[in-house]
Amino acid sequence: MTALVTGAAGQLGRELVRAYSRDDRLVSLDRVELNVTDRAAVHAAVRSIQPSVIVNCAAWTDVDGCEDDPDRAFLVNADALGFLREAANEIDAHVVQISTDYVFDGLTTVPYTEAAGTNPLNVYGQSKEAGEAVAGPLATIVRTTWLQASDAPGMVDWVLNGLSSKEEVALPADRRACPTFVGDLVPVIWRLAEERVAGLVHATNGGVTSWYEFGRFVADAAGEDPDRIVPISVEQSDERPAQRPPYSALDNSVLRALGYPEIRDHRDAIAEVVAGVAR
């Protein structure tokens, strides 16, 4: 398999490049090298590279920015998929599209399976839902949640920094999902790409949590007092224009049906990150 990764400067794209570029099977293009909203440029790049798989990590993920500029949101997160799919069809390349839990409204209390109906609450979710449709039924659509980068500060670092100040750390307790560490996600994406799995696939670390519970686990793993993490409501912490789903945990039911290994619990990933910081 030769893969073209678009949006290679983002946290997920960077990890794909780190993990697989050494095999000379991966060509990575960031936003400067390939503007995915430029149809002619997309076709030219794909014809030149001749990948067998295109993994599209390019997206506009500024949820509140999307609310203010829906035209740009749909151009980047949906229309660009049409250009990539056209170019892929010309050379029989497979498309892998990265999507989001924000396609759901969060009005449930159990993790969403791939068969669940969508109802996005904000423009970002609507644009990503449109991108799923544009990618087509033969593409692999990987939905994931609350991504944590491998090579940049994430929520674990944020909590540890707060704890180091000896003050209380306030975190929302009323939004729940599955924190997903990109180092655990990338091998799953690569295998799905190799096997050209068609359709929707949910892929997250195991375990449903809130940021408050996440922070308490970080504190405990770091040997700090978990009670220094204090719960607040989203309304107290979040005055942003875009509404977020209150519950957007995903059930990796398709991965189980495919016989893929279970992605480890997010708490194991947190413990590993904390141990690495301690070293």
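Residues numbered from 1 in each chain as written. Predicted model: local features only at pLDDT ≥ 70, side-chain atom pairs only at ≥ 80, totals over all residues. Heavy atoms only, no water.

1. Here's the deal with the pattern of salt bridges
And step 1. Tallied over the full model, the rule gives 16 salt bridges.
And step 2. R244 is paired through a salt bridge with D64; the nearest N and O atoms lie 2.9 Å apart. Of the two residues, R244 is situated in the loop between helix 9 (234-237) and helix 10 (253-258) and D64 in helix 3 (residues 63-68); the sequence distance between them amounts to 180 residues.
And step 3. Given the relative accessible area of 11%, R244 is considered buried.
And step 4. Under the relative-accessibility criterion, D64 is labelled buried at 13%.
And step 5. Salt-bridge contacts for R267 lead to D265; the nearest nitrogen and oxygen are separated by 2.9 Å.
And step 6. A cluster of three or more residues bridged by salt bridges with shared partners is formed by D184, R264 and E272. (Salt bridge = Lys/Arg side-chain N within 4 Å of Asp/Glu carboxyl O. Helix = DSSP H or I, 4+ residues; strand = E, 2+ residues; numbered from the N terminus. Buried < 20%, exposed > 50% of the residue type's maximum accessible area, 1.4 Å probe, protein only.)

2. Brief notes about the nonpolar core
And step 1. Ranked by internal contacts, the top residues of the largest apolar core, which has 29 residues, are L12, L16, V55, V96, I189, L192 and L255.
And step 2. The dominant element in this core, judged by the number of residues it contributes, is helix 7 (residues 182-195), at 8 residues.
And step 3. If we ignore the near neighbours within four places in the chain, the residues touching V55 are L4, V5, T6, L16, V96 and I189.
And step 4. Counting 20 residues, the second-largest nonpolar core is a separate cluster that includes L34, A45, I54 and A58. (Core = buried A, V, L, I, M, F, W, Y, C linked by side-chain atoms within 4.5 Å. Contact = heavy atoms within 4.5 Å.)

3. Structural notes on the layout of surface pockets
And step 1. Approximately 1,400 Å³ is the volume found for the largest pocket.
And step 2. Residue lining of the largest pocket: 47 residues in total, with Q11, T61, V63, Y124 and L147 positioned closest to the centre.
And step 3. Of all the secondary-structure elements, those providing two or more residues to the lining of the largest pocket are helix 1 (11-20), helix 4 (70-91), strand 4 (94-100), helix 5 (123-135), strand 6 (147-148), helix 6 (155-164), strand 7 (169-172) and helix 9.
And step 4. Tallied by class, residues from the lining of the largest pocket come to 24 nonpolar, 14 polar and 9 charged. (1 Å grid on protein atoms, 1.4 Å probe; cavity = no way out; pocket = protein on both sides within 12 Å on 5 of 7 lines; lining within 4 Å. Points joined across faces, edges and corners; volume = space filled by probe spheres on them. Nonpolar A, V, L, I, M, F, W, Y, C, P; charged D, E, K, R; others polar.)

4. As for the packing of helix 6 against helix 8 (residues 211-221)
And step 1. Following both chains from N to C, one finds helix 6 and helix 8 inclined at 65°, their axes separated by 10 Å at the closest point. The angle between helix 6 and helix 8 falls in the class roughly perpendicular. For the pair helix 6 and helix 8, the sense of crossing is right-handed. The segment helix 6 lies against helix 8, with M155, V156, V159, L160 and L163 engaging W211, F214, G215, V218 and A219.
And step 2. Counted by class, the contact of helix 6 with helix 8 contains 9 nonpolar, 1 polar and no charged residues. (Axes fitted to C-alpha atoms, helices over the stretch in contact; angles between N-to-C directions. Parallel < 35°, antiparallel > 145°, perpendicular 65-115°, else oblique. Left-handed = near helix turned anticlockwise from the far one by under 90°.)

5. Points about helix 6
One turn of the α-helix equals 3.6 residues, which is why residues spaced by three or four share an orientation.
And step 1. Within helix 6, burial applies to M155, V156, V159, L160, G162 and L163. Down the axis of helix 6, the smallest arc covering the buried residues is 160°, so these residues share one side. Away from its buried face by more than 90 degrees, helix 6 exposes N161 and S164.
And step 2. Following helix 6 by one or two positions, K166 has its phi on the positive side, about 65°. (Arc of directions from axis to C-beta.)

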